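# Structure assessment
If you want the building blocks of each chain, they are given just below.
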Amino acid sequence: MIRPGDPRILGATPGEGGVNFALFSAHAERVELCLFRGGEEERHTLPDRTGDIWHGFVPGIGAGTAYGYRVHGPWAPDLGHRFNPAKLLIDPYARALSGPLRWDPMMQGGIGISRPDMLDSAPVMPRSLVCHTERPLWHRPDTPLARTVIYEAHPKGLTVCHPEVPEDLRGRYDGLASEPIIAHLKALGVTALELLPCAAFIDDRFLMEKGLTNYWGYQPVGFFAPEPRYGGPEAFRRMVRGLHAAGIEVLVDVVFNHSGEGGAPGPTLSMRGIDNACYYRLAEGGRAYVNVTGTGNTLNCAHPYVLRLVTDCLRHWVEELGVDGFRFDLAATMGRDATGSFSPEAALLSAIRQDPVLRGVKLIAEPWDIGPGGYQLGNFPWPFMEWNDRYRDGVRRFWRRDRGQMPELARRIAGSAEIFDRDGRSAMASVNFVTAHDGFTLHDVVSYTEKNNAANGEGNRDGHNANHSEALPDPVSKAARKRAMLATLMISQGVPMILAGDEIGNSQAGNNNAYAQDNIIGWVNWTGADVELAAFVGRMAAIRHAHPVLHQRRFLHSKIRHQDGIRDLIWRLPSGAEPSAQDWLDPEARCLCVEIRGAAEGPQGEAGSTAVFVICNAGPMVDVRLPEGRWRLLADSAHPTRPEADHAAVTSCVAAQSVQLFARPITGPISQQEHI
């Protein structure tokens, strides 16, 4: 006999002698708990309601029990209500699912808006699974932001083609912590593996009708549950433990701007059938969905129970599954209030910032959505970092030899201070990237001028059009530009992010929106890997780690350092002279040089006792005059295996499309005139 239970903890919680179930719904009239034992469905009406929490305790069951909900209430789409007890619903707090979600016509909640669809969806719905609450002791690397190098990868695509990963582990969580992958990440100098969505998602109708799948996973339904295609919760924990033991943090991409239920014609899988009017932002009196995400719906993050869902879920991934941080997809949506306006002080952003668990992990915002005022780069509060697409575009355009790009490159190398240097934020606020999962791979940036998305079945209309790419004529020039862009990434202030496969020359055949390509287009192809490029990336990361001046917390503003009387940032031309205002405006300038020291405004010694000199030459071969002093060549992207060596000459010959990096110790104060 089901008992009243406890409303305080949402979800299914095993306890002494049974399991407590609690579900939020403000507008339901009755909630049925559906238990699946021996292939049969048992329905139990939750016997009690406290506030808007429906709850009950079922004795005699425990972890592993399969369950779902049927929620009774009005079918009134004009008022925002889409209750339909014919549809078996996933618990939003379910910690595991019995299998993957794939769209089926039986999942449809209504026939238009006129009447509910009365087909029972249970035969095609995975079950929610009761799980023990586990909060193990995690031995986290806790890498400081200043030493962080991120590697963005798909949880399946990174390993599914890797010949050295055991076959039974390929494409699964366990494969990500296999010896070949860990060795590769360590050789690259990676400190954090950032995974595309790992929460349970649905293959939506739009794709399945074209014979495709939702490969990237940006259609979540089970926010707490690891996607079962890659393994269950314990497999996820094993992966995290393995990566932690190797000193590598785990970040996950989370989607709290929308759900996989889509717009009004979409399926009823969970929140739509539990309380549509609370979970989603609605329009036209309730019949339509606000869509600032481009996916058909928008979560109502201003609602207290949606806010609670998000923060409970994030703590679950940190405490129970061991992750070290999050990348928030379309995070501008999370910062919108009940009116739809963005605010850095929005309830959800503020709740995350003050949470005793979440405020200590790495938080990365994708600072835009497609709604009004949706581009919010630079406007997220500390401790959020932000994906910096201005960095991506500026670096690509400079190395493509676009006119007038020298000032833009200078801003990006210096940490994009004009965007982020406010309200006490550090230079680590900028997550710098040249490529990401959304867009061309690095190889395709130098191999395609136009996107080639025909395989997506959308007439090549999807994906970005402004790729700032160029089809270069030969392998030598392609390799040179790739090395130059990756070297630029590693010497820039901020947190660098590498797209998985870029370091080995992976291509997506020009597809810059491979979200539906669960095949060789979307997977990392390890055949014919460019081991020389991978070694060069590892070398540049090692140089970055070894020289704190390349990853400073404080911004550089060309101010005088009291330690030595020299400015912390000095821009130079190949002649050795500092650029005049006219030089900065020269549209044909292709070579930019900079000397970088510890920030003038930082504590003495925080950035070490080394100065570095960087030459970025997108133009033809040029002789560059080095600043005064004895410099040591650390790296030359034109000659990736060239060893470090002292450089006695006054000048250095710099190849076209290349980066050179020098360093020298700072021995003591010298006058600015002597330095020049």
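Residues numbered from 1 in each chain as written. Predicted model: local features only at pLDDT ≥ 70, side-chain atom pairs only at ≥ 80, totals over all residues. Heavy atoms only, no water.

This is how it is decided: UniProt positions are given in the numbering used here, feature names are shortened, and annotations may be inferred rather than shown by experiment.
If you look the protein up in an unreviewed UniProt entry, it shows as Glycogen debranching enzyme GlgX from Paenirhodobacter populi. The record in UniProt for the protein states the following under Sequence similarities (unreviewed entry): "Belongs to the glycosyl hydrolase 13 family."

## Some points on the nonpolar core
To keep it simple, the criterion reads: Side-chain atoms within 4.5 Å link the members of a nonpolar core, which is a set of buried Ala, Val, Leu, Ile, Met, Phe, Trp, Tyr and Cys residues. Only protein chains enter the accessibility calculation, which uses a 1.4 Å probe; a residue whose area is less than 20% of its type maximum is buried, one above 50% is exposed, and one in between is partly exposed. The helix and strand labels rest on DSSP assignments: H or I over at least four residues marks a helix, E over at least two residues marks a strand, and numbering proceeds from the N terminus. Domain delimitation follows an automatic or database domain assignment. What makes two residues a contact is simply this: any of their non-hydrogen atoms within 4.5 Å.
Counting residues in hydrophobic clusters, the biggest one holds 162 residues, and the most contacted among them are Phe21, Tyr69, Tyr151, Phe236, Met239, Phe326 and Phe328. Considering each element in turn, this core owes the most residues, 8 residues, to helix 6 (residues 304-319). Two domains each put at least three residues into this core: domain 1 (11-130) and domain 2 (569-664). Setting aside anything within four residues of it in sequence, one finds phenylalanine 328 in contact with Val254, Phe256, Leu314, Met334, Ile352, Leu363, Ile364, Ala365, Glu366 and Phe384.

## Observations regarding the side chain of arginine 481
Our working rule: Distance and chemistry together define a polar contact, namely a pair of N or O atoms within 3.5 Å, with one atom able to donate a hydrogen and the other to accept it when in protein, and with adjacent residues in sequence counting only for side-chain atoms on both sides.
With respect to the helices, strands and loops of the structure, arginine 481 is situated in helix 12 (residues 475-491). The buried category is assigned to arginine 481, whose relative accessible area is 2%. Of the polar contacts made by the side chain of arginine 481, one reaches the side chain of glutamine 657; its length is 2.7 Å. When sequence neighbours within four positions are dropped, the list of residues in contact with arginine 481 reads Trp399, Arg400, Arg401, Val446, Glu470, Leu472 and Gln657.

## Regarding empty space enclosed by the protein
Test applied: Cavities and pockets are found on a 1 Å grid laid over the protein atoms alone: a cavity is a set of points where a 1.4 Å probe fits but cannot escape, a pocket is an open set with protein on both sides within 12 Å along at least five of seven lines, and a lining residue has an atom within 4 Å of such a point. Grid points are joined across faces, edges and corners, and a volume is the space filled by probe spheres set on the points. All amino acids are sorted into three groups, where Ala, Val, Leu, Ile, Met, Phe, Trp, Tyr, Cys and Pro are nonpolar, Asp, Glu, Lys and Arg are charged, and the leftover types, Gly among them, are polar.
Summed over all chains, the structure comprises 3 cavities of 30 Å³ or more. Volume-wise, the largest cavity comes out at about 160 Å³. Residues belonging to the lining of the largest cavity are distributed by class as follows: 9 nonpolar, 7 polar and 1 charged. When its volume is computed, the second largest cavity comes out at roughly 90 Å³. Taken together, Pro197, Cys198, Ala199, Gly217, Pro220, Phe223, Val252, Asp253, Val254, Val255, Phe256 and Trp317 form the lining of the second largest cavity. Sorting the residues of the lining of the second largest cavity by element identifies strand 17 (220-226) and strand 18 (249-254) as the ones contributing at least two each. Counting residues per element, the lining of the second largest cavity draws most heavily on strand 18, at 3 residues. By residue class, the composition of the lining of the second largest cavity is 10 nonpolar, 1 polar and 1 charged.

## Structural notes on the sheet that holds strand 14 (residues 150-153)
Rule in force here: Each pair of strands is called paired provided DSSP finds at least two bridges between the two strands. What counts as an axis is a line fitted to C-alpha atoms, over the stretch in contact for a helix, and the angles between N-to-C directions run from 0 to 180 degrees.
The parallel closed barrel is built from 8 strands, whose spatial order is 14-15-18-21-22-23-24-25. Shown here is a sheet whose adjacent strand axes are inclined to one another by a mean of 25°, direction ignored. For strand 24 (residues 430-433) and strand 25 (residues 495-499), the ladder comprises 3 bridges, and the chain directions are parallel. Within the sheet, the bridge partner assigned to valine 431 lies in strand 25 and is valine 495. Against the sheet, helix 12 contacts strand 24 and strand 25, and its axis sits at roughly 150° relative to strand 25.

## Some words on the layout of surface pockets
Quantified by volume, the largest pocket comes out at close to 1,300 Å³. Lining the largest pocket are 49 residues, and of these Thr293, Gly294, Thr295, Asn513 and Tyr515 lie nearest its centre. Where the lining of the largest pocket is concerned, the elements lending two or more residues are helix 3 (205-208) and helix 8 (389-399). Top contributing element to the lining of the largest pocket by residue count: helix 8, with 4 residues. Classifying every residue of the lining of the largest pocket gives 18 nonpolar, 19 polar and 12 charged. Roughly 630 Å³ of volume is contained in the second largest pocket. Along the walls of the second largest pocket sit 31 residues, with Leu145, Arg359, Gly360, Val361 and Lys362 positioned nearest its centre.

## Quick word on the domain arrangement of the protein
Its domain assignment divides the protein into domain 1 (11-130) and domain 2 (569-664). A separation of 63 Å is found between the C-alpha centroids of domain 1 and domain 2.

## Points about helix 6
To keep it simple, the criterion reads: For a helix, the expected span equals 1.5 Å multiplied by the residue count minus one.
When the terminal C-alpha atoms of helix 6 are compared, their 22 Å separation across 16 residues agrees well with the 22 Å that a helix rising 1.5 Å per residue should span. Of the residues making up helix 6, those classed as buried are Val306, Leu307, Leu309, Val310, Thr311, Asp312, Cys313, Leu314, His316, Trp317 and Val318.

## Considering the pattern of salt bridges
Note the cut-off: Just to be clear on terms, a salt bridge is a Lys or Arg side-chain nitrogen sitting within 4 Å of an Asp or Glu carboxyl oxygen.
Under the defined criterion, the tally for this structure stands at 53 salt bridges. Three or more residues are tied together by salt bridges with common partners; here these are Arg390, Glu408, Arg411, Arg412 and Glu418.

## A short note on the pairing of strand 30 (residues 631-636)
By the criterion of burial, strand 30 is predominantly enclosed, with 5 of the 6 residues buried. Of the pairings in the sheet, the one linking strand 30 to strand 31 (residues 645-647) comprises 3 bridges and is antiparallel in character. Within the sheet, the bridge partner assigned to tryptophan 631 lies in strand 31 and is histidine 647. Pairing geometry for strand 30 and strand 33 (residues 658-665), over 4 bridges, is antiparallel.

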